[in-house]
Amino acid sequence: MKSFLSFALCLAIFSGCSYKSPDIADTGTTINAGNDELVKGLGDDTIDAGIDSMQGYDSSSESFGSDEERLSSINSQLQSIYFGTDRYDISATEAEKIDTDANILNSAVASNLNVVVEGNCDEWGTDEYNYALGLKRAKSVKNSLATAGVDVGRISIISYGESKPKCSDHNAECWQENRRADIKVR
Amino acid sequence: MKNIFLLMVLIVAYLSADQTIEIVKKIDKKPTIAIAGDSSNQLSRRLLKLIIGDLKVSGHFRVNENIIEQKYDASDLKPDVELLLKTKFQQDPTGRLAAKIKLLNAKNGNRFFEKSYAISKGDRYPFLAHNIAIDINDYYKFPSIDWMRRYILFAKYTSSGKSSIYVADYTLSFKKRIVSGGLNIFPKWADSSQQSFYYTSYNGKKPTLYKLNVYTGSKQKIISSNGMVVCSDVSRDGSKLLITMAPKDQPDIYLYDLNSGSKKRITKFRGIDVGGNFVDGDSAVIFVSDRLGYPNIFYKRIGGGKVEQMVFHGKNNSSCTTYDKYIVYSSRESISRGGRSTFNLYLISTQTDFIRKLTQGGKNMFPRFADDGETILYIKNSGGVSNLGILRLNENRSFLFPLREGRIQSIDW
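Below you will find a few notes about this structure. (Residues numbered from 1 in each chain as written. Chains lettered and ligands numbered in written order. Predicted model: local features only at pLDDT ≥ 70, side-chain atom pairs only at ≥ 80, totals over all residues.)

## Digging into the overall build of chain A
For chain A, the helix and strand inventory stands at nine helices and four strands. In chain A, the succession of helices and strands from N to C terminus is α-α-α-α-α-α-β-α-β-α-β-α-β. Across the 186 residues in chain A, those meeting the buried criterion constitute 34%. For chain A, the share of sequence-separated contacts (at least 6 apart) that also reach a separation of at least 24 residues comes to 72%. (Helix = DSSP H or I, 4+ residues; strand = E, 2+ residues; numbered from the N terminus. Buried ≥ 20, exposed ≤ 12 C-beta atoms within 10 Å, placed from the backbone. Contact = placed C-beta atoms within 7 Å.)

Next up, the structure:
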């Protein structure tokens, strides 16, 4: 009964995750062993490789004609992180993207590349303050990527303030698009 | 009784000397003036309009805005005004743009003064007009408007990730691009003679602060930093800079000694500290920080000591400028349903509790005091147009000069 409840609890917890591993389910033993073993399992290399493939990013099958193609491909999959007005803390929703991006950055095809986090702001406020705000946003993302397992020595940050808007309309949707940190490899 | 009277006199004298009290300092009587000349050619018309504009901006004259079409040597008078300024513009034998003016009593034709001017570079014609207005103003010993002949520096966003730096006159009638290609921002004059300026370039591996001589084009690297590097102020002797930079990914204000190359960290807060300005004879700094959870204005002595809050009004004060005991800052207000905000400028004194609102509506930001402490340059974005604003504190008036394309990123003068 206790094992069944543990099994059910584990299923309930992991039903909310962005990824599920058929490999984990198939190994059976990992799940049936309960929470502790599942936590241990998350650090297992086999399972990490499985997580990569379950996120739809199978780096082992990638082949690129050039470094530029490789960089372009990786950068197109990295998600920007968005922020509230005058804020540089990362919301729970955005934190999930950090995890996804961290896995991409640690994948075989990207793990030898340097990472730059670019902080940006909307058009409101004086630009000098916005350059500092953009930098704080980039720093928050850097810290989160490091927590998610990306080597902090690979990551640099830079702020572009208001200078690189994604859109130039004057409405709330556009301003939200511009309050962001972009993650890139180079 | 005598003591009470003396106390009242002292209070009135003190209050009347404080710019934050909204009393407009009036010149006893503003003379009326009309401008006469030949406006049939475009350059002459522009010059005449600029002179009219300059005299209006000075606030020291009541200006007839219509150009009086009149030959320079004609004897016609204009008895409905007090002063008549007669002008003549032409090319001299050496090819320079030359001007002659004479200021007359409009009622009886008596001549007050006469002067000639010439400039070799025709595109600088706005400065010819500014010098004429300054000379007329000085003749009457009105408060100085010398700031009109100073070059303005501004950076303009031209497209995403690109910004160029220009020198201009305060009306933006003259503009010359000095730095282009890539992202070049936050220009700051290095000295009062306006020979060189500092600016930030993003065209290398890291943001880098450079010093550029506008006359020779020589460029000197000052310092690079991870993240960002911005020169926000220069000491009076030009030997030290206040720089916002982030060598350890944390934006703080540093004092940079140009002679030794040493830098001293002034602020140590884990959030945002930016936009330092020298005050108190360059012994202290006024700056913007979010240490209270929102941008506000603070003070700290360079030699050490506590950080003191300077502004107790508003919940988002993100830029400031200082002159003597006065601070002008930009405060975010009234967020509308669509998320639009207004930013207005406020003037406070470090000696009193009074606050004076200086603007109304739009986004009024990036204030910069002139050397005379009576005029403020600022950026106003309104209706999709980026404007250079001139605010005359004693006249309680402001004037806007629109930039025809692009968006002003930062300014200095």
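We are not done yet, so read on.
## Quick notes on the sheet that holds strand β20 (residues 296-301) of chain B
Read from one edge to the other, the open sheet built from four strands follows the order β18-β19-β20-β21 (chain B), with strand pairing classed as antiparallel. Of all the strands in the sheet, just β18 (273-279) and β21 (308-309) of chain B have a single pairing partner and so form its edges. Relative to β21(B), β20(B) runs antiparallel, the two being bridged by two bridges. Looking at β21(B), one finds that Tyr299(B) is bridged to Glu308(B). Where helix α8 (residues 127-147) of chain A meets the sheet, it contacts β18 and β19 (284-289) of chain B, and its direction lies at approximately 140° from that of β18(B). (Pairing = 2+ DSSP bridges. Axes fitted to C-alpha atoms, helices over the stretch in contact; angles between N-to-C directions.)

## Some remarks on helix α7 (residues 92-105) of chain A
Between its first and last C-alpha atoms α7(A) spans 20 Å; for 14 residues at 1.5 Å apiece the expected length is 20 Å, and the two agree. All of the buried residues in α7(A) are Glu94(A), Lys97(A), Ile98(A), Asp101(A), Ala102(A), Asn103(A), Ile104(A) and Leu105(A). (Expected span 1.5 Å × (residues − 1).)

## Some details on the interface of chain B and chain A
With 31 residues of chain B at the interface, the matching set in chain A holds 23 residues. Those elements that place two or more of their residues in the side of chain B that touches chain A are β14 (229-234), β18, β22 (317-323), β26 (363-369) and β30 (407-412) of chain B. Taken together, the residues that form the side of chain B that touches chain A break down as 14 nonpolar, 16 polar and one charged. (Nonpolar A, V, L, I, M, F, W, Y, C, P; charged D, E, K, R; others polar.)

## Some thoughts on the environment of Thr32(B)
Residues and elements named next belong to chain B. Note that Thr-32 resides in strand β1 (residues 32-37). A count of 16 C-beta atoms within 10 Å places Thr-32 in the partly exposed class. It is 15 Å that separates the C-alpha atoms of Thr-32 and Tyr-139, two residues lying 107 residues apart in sequence. Those residues in contact with Thr-32 that lie beyond four places of it in its chain are Arg-62, Asn-64, Val-81, Glu-82 and Leu-83.

## Some points on the environment of Lys325(B)
Residues and elements named next belong to chain B. Mapped onto the secondary structure, Lys-325 falls in the loop between β22 and β23 (326-333). Sequence separation of Lys-325 and Ile-302 is 23 residues, and the distance between their C-alpha atoms is 17 Å. Those residues in contact with Lys-325 that lie beyond four places of it in its chain are Ser-349, Thr-350 and Gln-351.

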